[in-house]
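# A structural walkthrough
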Amino acid sequence: MSGEAQPAPAAALLGAALLLPGVAQIRAQDTDWPTITGGNDAGRYAALDQIDASNFARLEPAWRWRLPDNDLMANDPRFEDASMKQRTHVTTPIKIGERLYVVTGYGIAAAVDPATGTTVWKHDPQSYGHGRPTNHGFTHKGPSFWRDPERPEAPGRLIYASTDAILRAVYADEGTPVRSFGNHGGVDLTTGLHRAVERRKYTVSSPATICRDVAIVGSSISDGPLGPDDGPPGDVRGFDVRTGRQLWTFHTVPQEGEHGTDTWEDESWRITGGANVWGLMSTDEELGLAYLPTSTPTNDWYGGHRRGDNLYAESLVAVDCETGERRWHFQAVHHGLWDYDFAAPAVLGDLVVDGRTVQAAMLPSKQAFLYVFDRETGDPLWPIEERQVPQTGIPGEQTSASQPFPTKPPPFDRQGMQLADVIDFTPEVRAEAERILTSYQYGPMYTPPSERGTVAMPGFEGGASWPGGAFDPDTGRLYVPSFTAPILITLRRPDPNRSSFDFVARVSGFHGPFDLPISKPPYSRVTAYDMSRGDIAWQIPLGEGPRRHPRLAGLDLPLLGSGVRGHALVTKTLLIVSSGHSRSFRYQEAKAEREWNEQPEEVTGGLAWTNPRSAAREDWRYTVPALRAFDKATGELVAEVELPAHSDGSPITYLHGGAQYVVVSIGGRGEPFELIAYRLPG
């Protein structure tokens, strides 16, 4: 049944209790996972040690919970339309007290027992009734939780905005709407912006961030605008968590009289959209600051209509939680043309650097840089230099002469593409890879898009993306999973009857010869940073990769990395990384529609992206989905537990009833959407 668990046998649960002395006392030590990143600091850390190197391999499923979305797709006639199908499953639960809380891709909130996986309640506001949302369709990462500090005895609230762009408040004890919040429990986020938007172009796929009783909300907006004035604004807003009243707006594209309008030539700030926060945010309750990672402005690949540096796009902006006032900002990409959104949250932690303690904000990026700031002042901990970058030859475009480059820490993944970077497993493979690369424009990172086709490395998926990093406060180490996926950006003039842009882009994956990657390995990796020194402590491949490819037969190759994104958490004892099936390294033009792009070209402005998942799944490119445990100090693989299905979500961990659990989402790619919980046998 949808929403019902497959619990472990009762005898096993009883046995676990009998083997743990003083369970009543231990239960007082139960821990929470209060946000999908483990806390407002986005550190993905839990001070737990029950699961360690000696027993990780013995983890076994405690329960599996099927999302109610499965039944909707199977039984509701509205979901027979392919555009209504949910494809990605990134749902990550939070744990508060005696409950896990989730928000599914179809906007259904639910409470689940953390020990058995049984459903406690479900709340379905039928947000999917508005039809398929923009970009990736029906997808949601999870809820936020708030309890009134003035009334700790009152029930807490789940706060979440889902695919219909309604910000909702639900009582956490019973799953009913908080009628005093907004309009009988909801606030329409398509109102209150500085200009009107169409609901089909505006959605929310990430949790609100709550700081000082203010719910701070970003948005996911259409990546396929028809023209310069067609992109919805990326305003970030703060709402009273008690009443739903809008308290403030931060204009990510500054408006008249605000700082930064001079970075938008010809007053292009009046019409340009985007620069939204679609990823995850973090907050420092003590400083009263929220850290907003912003994205690229309209359109992602061409900016002739928005000349200038374009503040506050592709920036980290620290704002006052209560007023929305900007305290400081750093722009990582001037006049962005590569879709290098800041998607990960800034990880907040205290570092000891040169003998002094620094309250730091550490931000992994798509371009494989790790930016590190004093989180109160915005001062970089190590110098960031403006360096000259290649310039455009596209008529009407005006690229920035320079871009910011951190001097420390070093990058965590491959940047730019040169002949020396192509695969060289055999002379034949290398020769063919060179032939492919030289057919296009290529060079260092920030080589601009072109009509010939420009190879961008990293691609728009990163590097790193929304999963971000995991920070160990005990050792001062930050762990960043990443993967290497170059893309090809080809500009062209659109049909003027379909788009008013001078240029639009076709964006496809860029692969090498014989269905192999174009670049040298590893294709997925985990990097451990010693943040006291700003140096890499170790770096390892994640997953096997294409070692069994027929063209590589007989070669003694190490792990190459599977080419799939990892999701990390860190505990007292281990670094745990989840990852799914390895992706195909071949990007097939014949299957070329991006998942969100199921609309005619006139709706997307000509933008398209080839689907990175091949229909075939040959043995040589297949890596099983798994939870992998690594030694935090050395990066040595301790053990791995195979997952029963693909995983795109982030793992969480908590102690409940004296037992430590690890929970992760599984499913998608044709498999049912579920949560699965692991623990040690009792």
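Once a new chain begins, its residue numbering starts again from 1 and follows that chain's sequence as written. The predicted origin of the model limits local features to residues at a pLDDT of at least 70 and limits the giving and counting of side-chain atom pairs to 80 or more, whereas totals for whole chains, interfaces and linings rest on all residues. To get the side-chain values, take all heavy atoms of the structure and skip hydrogens and water.

Take the overall build of the protein chain next. Tallying secondary structure elements over the protein chain gives five helices and 40 strands in all. Our radius of gyration is a C-alpha quantity, and the globule rule it is checked against amounts to 2.2 Å times the number of residues to the power 0.38. The C-alpha atoms of the protein chain give 24 Å as radius of gyration, which agrees with the globular expectation for 682 residues (26 Å, within 12%). Dimensions of the protein chain, computed from C-alpha atoms along their principal axes, come out at roughly 70 × 65 × 65 Å. Accessible area is worked out with a 1.4 Å probe on protein chains only. A residue is then buried under 20% of its type maximum, exposed over 50%, and partly exposed in between. The burial tally for the protein chain puts 64% of its 682 residues in the buried class. Within the protein chain, contacts between residues at least 6 apart in sequence are counted, and of these 65% link residues at least 24 apart. Counting from the N terminus, the helices are DSSP H or I runs at least four residues long and the strands are E runs at least two residues long. Any pair of residues with heavy atoms lying within 4.5 Å of one another is described as a contacting pair.

Bringing unusual backbone geometry into the picture now. Put simply, threonine 298 and asparagine 299 share a cis peptide bond, and its omega is -20°. Take asparagine 299: it is sitting in the loop between β18 (289-293) and β19 (315-320). Cis geometry marks the peptide bond from glycine 462 to glycine 463; its omega dihedral reads 15°. Note on placement: glycine 463 falls in the loop between β26 (454-456) and β27 (470-472). Residue asparagine 135 is not a glycine yet carries a positive backbone phi of 60°. Assignment of secondary structure puts asparagine 135 in the loop between β6 (119-123) and β7 (144-146). Not every positive phi belongs to a glycine, and arginine 669 is a case in point at roughly 55°.

Through backbone hydrogen bonds, the strands of a sheet pair up, either in parallel or in antiparallel fashion. Strand order in the open sheet made by the four strands is β12-β13-β15-β16, with antiparallel pairing throughout. Of all the strands in the sheet, the pair left with one neighbour each is β12 (209-211) and β16 (246-250). Pairs of neighbouring strands in the sheet enclose a mean axial angle of 25°, with direction left out of account. Strand pairing requires that DSSP identify at least two bridges connecting the strands. What counts as an axis is a line fitted to C-alpha atoms, over the stretch in contact for a helix, and the angles between N-to-C directions run from 0 to 180 degrees.

On to the nonpolar core. Here, nonpolar core refers to any group of buried Ala, Val, Leu, Ile, Met, Phe, Trp, Tyr and Cys residues whose side-chain atoms link them within 4.5 Å. Ranked by internal contacts, the top residues of the largest apolar core, which has 47 residues, are Phe56, Trp63, Trp65, Tyr661 and Val663. Each residue touching valine 663, except ones within four places of it in the same chain, is listed here: Trp63, Pro93, Ser650, Pro651, Ile652, Tyr654, Leu675, Ile676 and Ala677. Counting 35 residues, the second largest nonpolar core, distinct from the first, contains Tyr302, Phe330, Trp338 and Phe460.

Attention now goes to helix α4 (residues 427-437). At 3.6 residues per turn, the α-helix brings residues three or four places apart onto the same side. Within α4, burial applies to Val429, Ala433, Ile436 and Leu437. Buried residues of α4, viewed axially, fall in a sector of 90°; they line one side. Buried residues along α4 sit against β26. In this context, the arc is that of the directions from the helix axis out to the C-beta atoms.

This part takes up the sheet that holds strand β39 (residues 659-668). Strands sit in the order β2-β40-β39-β38 across an open sheet of four strands; the sheet is antiparallel. Two strands in the sheet have a free side with no partner beyond their single neighbour: β2 (60-66) and β38 (652-656). For this sheet, the mean inter-axis angle between neighbouring strands, taken without regard to orientation, is 30°. Bridge count for β38 against β39 is five bridges, and the pairing is antiparallel.

Our next topic: the pairing of β39. Along β39, 10 of the 10 residues are buried, which leaves the element largely enclosed by surrounding structure. Where β38 hands over to β39, the hairpin turn is made up of two residues, of which glycine 657 adopts a positive phi near 60°. Here β39 pairs with strand β40 (residues 671-679) via six bridges, running antiparallel. Bridged to valine 662 within β40 is tyrosine 678. In textbook terms, the turn of a hairpin is the stretch between consecutive antiparallel strands, and for β39 and β40 this stretch comprises two residues, one of which, arginine 669, has a positive phi near 55°.

Now for the state of the cysteines. Put simply, a disulfide is two cysteine sulfurs that come within 2.5 Å. Under the criterion given, the structure shown has one disulfide. Bridging cysteine 211 to cysteine 321, the disulfide has an S-S length of 2.3 Å. In this structure the cystine formed by cysteine 211 and cysteine 321 twists about its S-S bond by roughly 85°; its chirality is therefore right-handed. In this pair, cysteine 211 is assigned in strand β12 and cysteine 321 in the loop between β19 and β20 (326-331), connecting sequence segments 110 residues apart. Residue cysteine 211 is classed as buried on the basis of its relative accessible area of 0%.

Another point: the confidence of the model for the protein chain. Looking at the protein chain as a whole, the pLDDT averages 90, with 90% of positions reaching at least 70. pLDDT runs from 0 to 100 and stands for how confident the predictor is about each residue. Here residues 1-28 is a poorly scored stretch, pLDDT under 50, and it has 48 contacts once near neighbours within four places are set aside; other chains count. Below a pLDDT of 50 lies the segment residues 584-618, which in the model reaches 105 contacts outside its immediate sequence neighbourhood of four places, other chains included.

This brings us to the packing of aromatic side chains. Classification of ring pairs rests on two measures: the distance between centres of Phe, Tyr or Trp rings, Trp counted by its six-membered ring, which must be within 6.5 Å, and the angle between planes, read as stacked under 30 degrees, edge-to-face over 60 and tilted in between. Within this structure, the stated rule accounts for 23 aromatic pairs. Ring geometry for tyrosine 302 versus phenylalanine 503: centroids 5.4 Å apart, planes at 50°, classification tilted. Remark: phenylalanine 503 occurs in the loop between β29 (487-492) and β30 (504-509) and tyrosine 302 occurs in the loop between β18 and β19; sequence separation between them is 201 residues. Of the two residues, tyrosine 302 and phenylalanine 503, neither departs from the other in class, the shared state being buried. Judged by centre distance (5.3 Å) and plane angle (20°), the rings of tyrosine 654 and tyrosine 661 are stacked. Each of the two residues, tyrosine 654 as well as tyrosine 661, counts as buried.

A word on the environment of arginine 307. Looking at where arginine 307 falls in the secondary structure, it is placed in the loop between β18 and β19. Separated by 71 residues in the primary sequence, arginine 307 and valine 236 have C-alpha atoms spaced 23 Å apart. Among residues more than four places away in sequence, those in contact with arginine 307 are Thr263, Trp264, Glu265, Ser268, His335, Gly396 and Gln398. Polar contact criterion, stated in full: a pair of N or O atoms within 3.5 Å, where within protein one must be able to donate a hydrogen and the other to accept it, and residues adjacent in sequence count only if both atoms are side-chain atoms. Here the side chain of arginine 307 touches glutamine 398 through a polar contact of 3.4 Å, side chain to side chain.

What follows concerns the environment of alanine 368. Tracing the chain through its elements places alanine 368 in the loop between β22 (356-364) and β23 (370-374). Here the alpha-carbon distance between alanine 368 and proline 410, two residues 42 residues apart in the chain, equals 9.0 Å. If we skip the residues at most four places from it in the chain, alanine 368 touches Pro411, Phe412, Asp413, Gln415 and Pro458.

What makes asparagine 135 buried here is its relative accessible area of 5%. Here serine 220 takes part through its side chain, which lies 3.2 Å from a polar atom of the side chain of asparagine 135.

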